[in-house]
Amino acid sequence: MINKVNVGGIDVAAYQSIDELINSSILTIEGVQPGVGIAINPEKIMAAKKDPLLMSILQSATLRYPDGVGVSYVMSRRLNSKVARIPGCELWERLMVRSIEQQTPVFLLGATQSTVSQTSEKLIALGVNVVGCKDGYFTKKQQQSVIDEIVDSGAKIVSVALGSPRQELFIFECLKYAPNTFFMGVGGTYDVFTNKVKRAPHFFRALNLEWLFRLLSQPSRLLRQGNLVKYVYYYLTKKV
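Bear in mind that the values here come from a model prediction, so they are computed numbers and not experimental data. (Residues numbered from 1 in each chain as written. Predicted model: local features only at pLDDT ≥ 70, side-chain atom pairs only at ≥ 80, totals over all residues. Heavy atoms only, no water.)

Enquirer: I keep staring at the layout of surface pockets and nothing clicks. Help me out?
Expert: In this approach, a probe sized like a water molecule rolls over the atoms, and the result shows the empty space that is left. Of the voids in this model, the second largest pocket is the one considered here, and its volume is about 200 Å³. As for the second largest pocket, its lining consists of 15 residues, of which Lys-4, Tyr-15, Ser-25, Thr-62 and Leu-63 are closest to the centre. Taken together, the elements giving at least two residues each to the lining of the second largest pocket come down to strand 2 (10–13), helix 1 (18–25) and strand 6 (63–66). Top element by residues in the lining of the second largest pocket is strand 2. It accounts for three residues. Taken together, the residues of the lining of the second largest pocket sort by class into seven nonpolar, five polar and three charged. (1 Å grid on protein atoms, 1.4 Å probe; cavity = no way out; pocket = protein on both sides within 12 Å on 5 of 7 lines; lining within 4 Å. Points joined across faces, edges and corners; volume = space filled by probe spheres on them. Helix = DSSP H or I, 4+ residues; strand = E, 2+ residues; numbered from the N terminus. Nonpolar A, V, L, I, M, F, W, Y, C, P; charged D, E, K, R; others polar.)

Enquirer: Hey, could you run me through the packing of aromatic side chains in this one?
Expert: The geometry of an aromatic ring pair is captured by two quantities: the separation of the ring centres and the angle between the planes. Going through the model one piece at a time under the given rule, you end up with three aromatic pairs. Arranged with centres 5.1 Å apart and planes meeting at 85°, the rings of Trp-92 and Phe-193 form a pair that is edge-to-face. Taken together, the residues Trp-92 in helix 5 (residues 88–99) and Phe-193 in helix 9 (residues 189–193) connect sequence positions 101 residues apart. Among the residues examined, Phe-193 registers a relative accessible area of 7% and is labelled buried. In this structure an aromatic cluster arises from ring pairing among Trp-92, Tyr-190 and Phe-193. One Lys or Arg, Lys-122, reaches over the ring of Phe-193 and ends 4.4 Å from the middle of that ring. Positioned above the aromatic ring of Phe-138, the side-chain terminus of Arg-166 is 4.7 Å from the ring centre. (Phe/Tyr/Trp six-rings, centres within 6.5 Å; stacked < 30°, edge-to-face > 60°. Buried < 20%, exposed > 50% of the residue type's maximum accessible area, 1.4 Å probe, protein only. Lys NZ or Arg CZ within 6 Å of the ring centre and 35° of its normal.)

Enquirer: Even after reading the chapter, I still don't get the nonpolar core, so can you show me in this structure?
Expert: General note: in soluble globular proteins, nonpolar side chains tend to be found buried as a group. Core analysis: the biggest nonpolar cluster contains 37 residues, and Val-7, Leu-109 and Phe-170 have the highest contact counts within it. Here the element with the most residues in this core is helix 3 (residues 52–60); it accounts for four residues. Every residue in contact with Val-7, bar those within four places of it in the chain, is listed here: Val-12, Ile-45, Val-71, Val-74, Met-75, Arg-78 and Tyr-231. Judged by nonpolar contacts, the second largest core, of 30 residues, contains Ile-22, Ile-26, Ala-39 and Ala-111. (Core = buried A, V, L, I, M, F, W, Y, C linked by side-chain atoms within 4.5 Å. Contact = heavy atoms within 4.5 Å.)

Enquirer: For this particular structure, what's the right way to read unusual backbone geometry?
Expert: Trans peptide bonds make up most of the peptide bonds, and negative phi angles are found at most residues other than glycine. Cis geometry marks the peptide bond from Ser-164 to Pro-165; its omega dihedral reads 10°. As for its placement among the helices and strands, Pro-165 is situated in the loop between strand 9 (157–161) and helix 8 (166–175). Phi is positive for Asn-80, close to 60°, though the residue is something other than glycine. Turning to its location among the elements, Asn-80 is positioned in the loop between helix 4 (69–79) and helix 5. The phi torsion at Asn-195 lies on the positive side, around 65°, for a residue other than glycine. For Asn-195, the position within the fold is in the loop between helix 9 and helix 10 (202–206).

Enquirer: Explanation requested: the packing of helix 3 against helix 8 in the structure shown.
Expert: Interaxial distance between helix 3 and helix 8 falls to 11 Å at its minimum, and their mutual angle equals 55°. Comparing the axis directions of helix 3 and helix 8 gives the class oblique. Every pair of crossing elements has a handedness; the one defined by helix 3 and helix 8 is left-handed. Of the residues in helix 8, those touching helix 3 at Leu-53, Ile-57 and Ser-60 are Glu-168, Leu-169 and Phe-172. Among the residues making up the contact of helix 3 with helix 8, the classes are represented as four nonpolar, one polar and one charged. (Axes fitted to C-alpha atoms, helices over the stretch in contact; angles between N-to-C directions. Parallel < 35°, antiparallel > 145°, perpendicular 65-115°, else oblique. Left-handed = near helix turned anticlockwise from the far one by under 90°.)

So this is what it looks like as structure tokens:
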């Protein structure tokens, strides 16, 4: 049984590795487990504390995993055992590779047409059964036709790159029409996968300093780091 730890009002599942997560919660021996996977990091936790809608969205997900090192650290301390940090982009890439085994149908949604098309082509070359892709530039009025396209494709895994919270809102609406599908919000993962955005070098990732690399690469993110400071304060004062 997978342990869960409440961090800032959100129950987050503890895993030892990405493969353990996939085997136990997405691609089990019974097949694809339907539901919604959302990455949990300190920034989302702090934002959810001020936004009831976001908190409701996060709590409604069937799979909440620790994307940020701040979350996995807190979980490890409370469980007295190592909890793996599960970077969303790494989970997605591994899930795509694992989907090849059973030729699980996959649909890609989000990003620009160029990026999602390149992502699709690269996955197909690897052997992934991509049954459809669509960019993220559609209006509220066009949303239902996008949902219909996903449902008609027969996809069992749908990755959605629309940015948060738009991607989560879309996912829960689409889930109503495709209840036997696994949905995963992936943010900017397609850009990383197609090398449009550079990910932190292995050195930074190994030391759990990917956030520092992003900050050095994009100084404009400095203002957003205030949430990390608040998160540390909340942890030290036992508010998360």
